[in-house]
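# Summary of the model geometry
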Amino acid sequence: MKKKTSVKETSKKKNTLSTSFKLYYLVMIICYLYLGFACVYKYMKYSSLDKCVLELMLILTLSLIIEYVHIISNNGRDMRKKLSKKANKNERVKRYIGECLIFALIVTTLIFIGIATNRINVNFYNFAMETYGSIALIIVLLTLLVFFDIFVVGLILNYTISERLVKKQK
């Protein structure tokens, strides 16, 4: 026989849950501020992104942790199982698009951190000379092109893999 939980017990659980999430968000905000200020300070002091790559990678890692916490915050239930059982195709596609936007943003950020720290060599001047455009415009267009390409490839892969999993679960 199951023991029924009273209203006070459930409200107490919700209150502690919200308190833990508040504490979690407070810690994340403090971490972001510290890493952001440390990165800006190192960039201003050394005039190079090479010295603040660690802070940039930690900021990116914290972003991934926050996304993971949002996915599993639904009482530990797996989001894919929930989507496959209850959601229609439009809700699943919206979820896939959101996941791929985050994925494309992360990969684009990694690529441009590599470019900014001279780990990936891209000569923007050649692009500017060939198209007779400004370098700033070329950088923005290249960023959008990389983001869009990664988004489309990620969406196609995520959609096909996830829909196969949904079909197997049904």
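Residues numbered from 1 in each chain as written. Predicted model: local features only at pLDDT ≥ 70, side-chain atom pairs only at ≥ 80, totals over all residues. Heavy atoms only, no water.

## Regarding the overall build of the chain
Test applied: Secondary structure counts use DSSP, requiring at least four H or I residues in a row for a helix and at least two E residues in a row for a strand, with both numbered from the N terminus. Between buried and exposed lies partly exposed: a residue is buried under 20% and exposed over 50% of the maximum accessible area for its type, with that area taken using a 1.4 Å probe on protein chains only. Contacts are assigned to residue pairs that have any heavy atoms within 4.5 Å of one another. The protein chains shown are the only cover counted for residues, whose accessible areas, like all others here, come from Shrake-Rupley with a 1.4 Å probe.
Scanning the chain from N- to C-terminus turns up six helices and zero strands. Reading the chain from its N terminus to its C terminus gives the helix and strand order α-α-α-α-α-α. Here the chain, with 170 residues, has 24% of them falling under the buried criterion. Relative to all contacts within the chain whose residues are 6 or more apart in sequence, the contacts with residues 24 or more apart total 65%. Total accessible area on the chain stands at roughly 12,900 Å², and carbon and sulfur atoms take up 68% of it.

## Focus on the packing of aromatic side chains
Basically, it comes down to this: Pairing of aromatic rings covers Phe, Tyr and Trp, the last through its six-membered ring, and needs centres within 6.5 Å; plane angles under 30 degrees mean stacked, over 60 mean edge-to-face, and all others mean tilted.
Per the counting criterion, the structure on display carries one aromatic pair. With 6.0 Å between their ring centres and 80 degrees between their planes, Tyr 96 and Tyr 159 make a pair best called edge-to-face. Remark: Tyr 159 occurs in helix α6 (residues 135–169) and Tyr 96 occurs in helix α4 (residues 89–116); sequence separation between them is 63 residues. Using a relative accessible area of 28% as the deciding quantity, one classes Tyr 159 as partly exposed.

## A few points about the environment of Ile 115
Looking at the secondary structure, you find Ile 115 in helix α4. Considering only alpha carbons, one finds Ile 115 and Leu 49, 66 residues apart in sequence, at a separation of 10.0 Å. With residues up to four places along the chain from it excluded, the contact list for Ile 115 reads Ile 120, Val 122 and Phe 124.

## Some details on the side chain of Thr 108
Among the structural elements, Thr 108 can be located in helix α4. Residues contacting Thr 108, with those up to four places away along its chain left out, are Thr 143, Val 146, Phe 147 and Ile 150.

## Some words on a nonpolar patch on the surface
The test is simple: Like charges are joined within 9 Å and nonpolar side chains (Val, Leu, Ile, Met, Phe, Trp, Tyr) within 5 Å, but only among residues with over 30% relative accessible area and no salt bridge; these make up the patches. For salt bridges, the criterion is a side-chain nitrogen of Lys or Arg within 4 Å of an Asp or Glu carboxyl oxygen.
Together, Leu 23, Leu 26, Val 27 and Ile 30 line one region of the surface with nonpolar side chains, adding up to about 380 Å² of accessible area. Here Val 27 is to be found in helix α1 (residues 7–46).

## Concerning the state of the cysteines
Inclusion rule: Note on disulfides: each one is a pair of cysteine sulfur atoms within 2.5 Å.
Going through the model one piece at a time under the given rule, you end up with zero disulfides. The thiol of Cys 39 is not disulfide-bonded; the next cysteine sulfur, from Cys 52, is found 3.2 Å away.

## Quick look at a positive patch on the surface
In plain terms, the rule: Only four residue types enter the tally: Lys and Arg on the positive side, Asp and Glu on the negative side, with His and both chain ends excluded. Charge positions come from single atoms, namely NZ of Lys, CZ of Arg, CG of Asp or CD of Glu.
A contiguous patch of positive charge, built from Lys 89, Arg 164, Lys 167 and Lys 168, is present on the exposed surface. Looking at the secondary structure, you find Lys 168 in helix α6. Taking relative accessible area as the criterion, Lys 168 reaches 71% and is therefore assigned exposed.

## A few points about the nonpolar core
Put simply, the rule reads: To form a nonpolar core, buried Ala, Val, Leu, Ile, Met, Phe, Trp, Tyr and Cys residues must be joined to one another through side-chain atoms within 4.5 Å.
In terms of nonpolar packing, the biggest core is built from ten residues, these being Cys 100, Ala 104, Phe 112, Ile 115, Phe 124, Ile 138, Leu 142, Val 146, Ile 150 and Phe 151. Those elements that place two or more of their residues in this core are α4 and α6. Broken down by element, the residue count for this core peaks at five residues, all from α6. Those residues within four positions of Phe 151 in sequence are excluded, and the remaining contacts are Ile 97, Cys 100, Leu 101 and Ala 104.

## Structural notes on the environment of Thr 109
This is how it is decided: Residues adjacent in sequence count toward polar contacts only when both atoms are side-chain atoms; beyond that, a polar contact is any pair of N or O atoms within 3.5 Å, and within protein one must be able to donate a hydrogen and the other to accept it.
With respect to the helices and strands, Thr 109 occurs in helix α4. At 2.6 Å, the side chain of Thr 109 and the backbone oxygen of Leu 105 are in polar contact.

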